[in-house]
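Coordinate inspection notes
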Amino acid sequence: SVQNGQDLRSPICCIMGHVDAGKTKILDCIRGTNVQEGEAGGITQQIGATYLPAENIRERTKGLKADAKLNVPGLLVIDTPGHESFTKLRSRGSGLCDIAVLVVDIMHGLEPQTIESLNLLKMGNTDFVIALNKVDRLYGWKTFRNAPIGKAIRQQSKDVMSEFNRRLTEIITQFKEQGLNTELYYKNKEMGETYNIVPTSAISGEGIPDLLLLLVQWTQKTMITRLTYSEKVQCTVLDIKAIEGHGTTIDVVLVNGVLHEGDQIVVCGMQEPIVTSIRALLTPHPMRELRVKGTYLPHKEIKAAQCIKIAAQELEHAIAGASLYVVGPNDDIEAIKKSTVEYKNSVMSRIHKSGKGVYVQASTLGSLEALLDFLETPAVNIPVSSISIGPVHIKDVKKASAMLDKKKEYGTILAFDVKVTPEARKLADENGVKIFTADIIYHLFDQFKAYIDNLKE
Ligand code: GDP
Ligand code: MG
């Protein structure tokens, strides 16, 4: 869509925050509003993402009296729950997502995973807005369904308002302790230096229009270069999944360019680059038909930004987190194959020079990179001797057990967001290899630290 002479793509947004802060519920609310009223409003549920066309956002933000000039075609909100979404969306050290929503429960303030999210955002240099969620839990809150937050707050009792202000001030102080200036977005006079807070209720929808409008207007204002649509395909593999009737498929985020059925593609494999061609470009059925199980809509072509499932041969050994390349008629396929594995090789080579250290394993290149960054920080400083992606298998335990002789504590596997096969677990128990698993990076550190302290005693 060409507007104002600019051809912008949809910003990509992911949602982060402590467990139970309301991440899923906010997504439900973003998706659900118009569906409940019987009109999908053009919203489509993509693979692990929700696409909101600008029309839908304009309609929902009418009450804000913001003469909403939307220059982007829509907003792509990534649904993958938890931190996973963010680490999975990492690519070559920086985030694939253009902006994040950090959800904070107004009744709880900053919690451990809020702080971990903040650290991930800082490391990825990713901009974000704060959704101060569950305002409806303030005692005596009067509901104004899906209303702009300013309007809803103005109509509350004095008690509710003062309780709101008390909690807000406390949370602003907590952010300050983390080195961040924050302010209610409609009072924020230094946007860009001071982060925006949008009070929301994911249950009754107050503030959700504000959140949507802010995300779109802020990104299109401050990220024009980043959001300028480019024909050159920029695409990252999010997930590898076996789907009945389609074999092994990959879910991808298409950030720029167009993908076509039949395109020859190259993706990163565990051993070698995989060259194949797109058999089908798939998206789930539109909202209303989501319950139709196991069926996907095929497309001849899809333009960025979107999340798409790709069916093709040979995808069994694909690695999540790496880029997908399209081979054009004049392209040198060998050069492309080389580029495909560059990122993997750079991550895989980040092992300690001494050859001594723990074994780390993660779900995607992005999450692996995030884990390695964390382990390298001076406060943590855990050396790594070997690296792998995907579930922990026997071969990983065997490799890790070789460290036991060098230093007992290094006979350890730190497994982030991956499964451990029962055989691997059994062998580890027999050999004395410790396997720590977690979905949250710093939990791995806590477990490992407790283990070392225990060894020292
Ligand atoms: P997540 O772990 O961050 O994804 O949190 P969920 O979205 O699963 O929400 C956790 C719990 O909080 C659920 O019981 C939700 O119904 C509830 N919840 C989420 N948002 C709100 C809100 O705005 N108001 C109220 N009252 N409850 C909420
Ligand atoms: Mg959730």
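Structure shown above.
What you see is a predicted model, and the numbers here were worked out from it, not measured in a lab. (Residues numbered from 1 in each chain as written. Chains lettered and ligands numbered in written order. Predicted model: local features only at pLDDT ≥ 70, side-chain atom pairs only at ≥ 80, totals over all residues.)

Side note on the site of ligand 1
The full set close to ligand 1 counts 15 residues, and Gly 22, Lys 23, Thr 24, Lys 25 and Ala 202 are the nearest of them. Considering every element that reaches the shell around ligand 1, the biggest residue donor is helix H1 (residues 23-36), with three residues. Split into classes, the residues belonging to the shell around ligand 1 amount to four nonpolar, five polar and six charged. (Near = placed C-beta within 6 Å. Helix = DSSP H or I, 4+ residues; strand = E, 2+ residues; numbered from the N terminus. Nonpolar A, V, L, I, M, F, W, Y, C, P; charged D, E, K, R; others polar.)

A closer look at the environment of Lys 23
Position of Lys 23 relative to the elements: it lies in helix H1. When the 24 C-beta atoms within 10 Å are taken as the criterion, Lys 23 is described as buried. C-alpha separation for the pair Lys 23 and Asp 429, spaced 406 residues apart in sequence, amounts to 37 Å. (Buried ≥ 20, exposed ≤ 12 C-beta atoms within 10 Å, placed from the backbone.)

Observations regarding the sheet that holds strand S13 (residues 234-243)
Spatial ordering of the open sheet is given by S17-S16-S22-S13-S14-S21-S18-S19, a layout of eight strands whose pairing is antiparallel. Every other strand in the sheet has two partners, leaving strand S17 (274-277) and strand S19 (296-299) as the edge strands with one partner each. The mean angle between the axes of side-by-side strands here comes to 40°, regardless of whether they run parallel or antiparallel. As defined by bridge partners, strand S16 (residues 264-267) adjoins S17 across four bridges and the pair is classed as antiparallel. Across the sheet, the residue bridging to Ile 265 is Thr 276, located in S17. Strand contacts of helix H9 (residues 333-348): S16, S17 and strand S22 (323-326), with the helix running at about 170° to S22, the strand carrying the most contacts. (Pairing = 2+ DSSP bridges. Axes fitted to C-alpha atoms, helices over the stretch in contact; angles between N-to-C directions. Contact = placed C-beta atoms within 7 Å.)

Re the sheet that holds strand S24 (residues 384-389)
Pairing is parallel in the open sheet, where four strands are placed in the order S24-S23-S25-S26. Pairing within the sheet leaves two strands with one partner each, and these edge strands are S24 and strand S26 (434-438). Averaged over all pairs of adjacent strands, the angle between their axes in this sheet comes to 20°, without regard to strand direction. Direction of pairing for strand S23 (residues 358-362) relative to S24: parallel, over a ladder of five bridges. Paired with Gln 361 across the two strands is Ser 388, which belongs to S24. Across the sheet, helix H11 (residues 394-401) is in contact with S23, S24 and strand S25 (412-416); its angle to S23 comes to roughly 155°.

Let's talk about helix H7 (residues 208-222)
The end-to-end C-alpha distance of H7, which contains 15 residues, comes to 21 Å, matching closely the 21 Å that a straight helix rising 1.5 Å per residue would cover. With eleven of 15 residues buried, H7 is to be regarded as a mostly interior element. Along H7, the positions that sit buried rather than exposed are Ile 208, Pro 209, Asp 210, Leu 211, Leu 212, Leu 213, Leu 214, Leu 215, Val 216, Thr 219 and Gln 220. (Expected span 1.5 Å × (residues − 1).)

Re the packing of H11 against helix H12 (residues 422-431)
Following both chains from N to C, one finds H11 and H12 inclined at 20°, their axes separated by 8 Å at the closest point. The angle between H11 and H12 places the two elements in the roughly parallel class. H11 and H12 meet at a crossing whose hand is right-handed. Contacts between H11 and H12 involve Ile 394, Asp 396, Val 397 and Ser 401 on the former and, on the latter, Glu 423, Ala 424, Leu 427, Ala 428 and Asn 431. Looking at the contact of H11 with H12 residue by residue, the class counts come to five nonpolar, two polar and two charged. (Parallel < 35°, antiparallel > 145°, perpendicular 65-115°, else oblique. Left-handed = near helix turned anticlockwise from the far one by under 90°.)

Re the pairing of S16
In summary, the side chains of a regular strand alternate between the two faces of the sheet. Between the antiparallel neighbours S16 and S17 lie six residues. For S16 and S22, the ladder comprises three bridges, and the chain directions are antiparallel. Across the sheet, the residue bridging to Val 266 is Tyr 325, located in S22.

As for H9
Compared with an ideal rise of 1.5 Å per residue, which puts 16 residues at 22 Å, H9 spans 23 Å between its outermost C-alpha atoms and is within 8% of the ideal. When H9 is considered as a whole, its buried residues turn out to be Thr 340, Tyr 343, Lys 344 and Val 347. For H9, the elements touching its buried residues are S16, S22 and helix H10 (365-376).

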